[in-house]
Amino acid sequence: MKWEQIDDHHDRSKIFGGWLVKASTPVVHNMIDTGHGMSDGWDWRIALCFVPDPNHEWTIEEVQP
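Residues numbered from 1 in each chain as written. Predicted model: local features only at pLDDT ≥ 70, side-chain atom pairs only at ≥ 80, totals over all residues. Heavy atoms only, no water.

**Digging into the environment of His 29**
Looking at the secondary structure, you find His 29 in strand β3 (residues 18–30). When its relative accessible area of 24% is taken as the criterion, His 29 is described as partly exposed. C-alpha separation for the pair His 29 and Trp 42, spaced 13 residues apart in sequence, amounts to 5.6 Å. (Helix = DSSP H or I, 4+ residues; strand = E, 2+ residues; numbered from the N terminus. Buried < 20%, exposed > 50% of the residue type's maximum accessible area, 1.4 Å probe, protein only.)

**Thoughts on the packing of aromatic side chains**
Scanning all chains against the criterion turns up one aromatic pair. Here Trp 19 and Trp 58 contribute two aromatic rings whose centre-to-centre distance is 5.8 Å and whose plane-to-plane angle is 85°, an arrangement assigned as edge-to-face. Taken together, the residues span a long stretch of sequence, with Trp 19 in strand β3 and Trp 58 in the segment after β4 (40–52) at a distance of 39 residues. Lying across the ring of Trp 19, Arg 12 places its NZ or CZ 3.8 Å from the centre. Seen from the ring of Trp 58, Arg 12 lies directly overhead, with NZ or CZ sitting 4.7 Å from the centre. (Phe/Tyr/Trp six-rings, centres within 6.5 Å; stacked < 30°, edge-to-face > 60°. Lys NZ or Arg CZ within 6 Å of the ring centre and 35° of its normal.)

This is the structure:
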């Protein structure tokens, strides 16, 4: 599957009938030190959704600084 970057945390992939959109968000965890040497950490939260666009007309505009 080919992914196209929308912004720093979102990508899209062209599929039949529209787009599959992926959101990736880093999450930091503050945990109680239980003596096992781990008091914090992080992971990625991933979510997917379908955006209907049968003719694939959605264009991504670049934001100018």
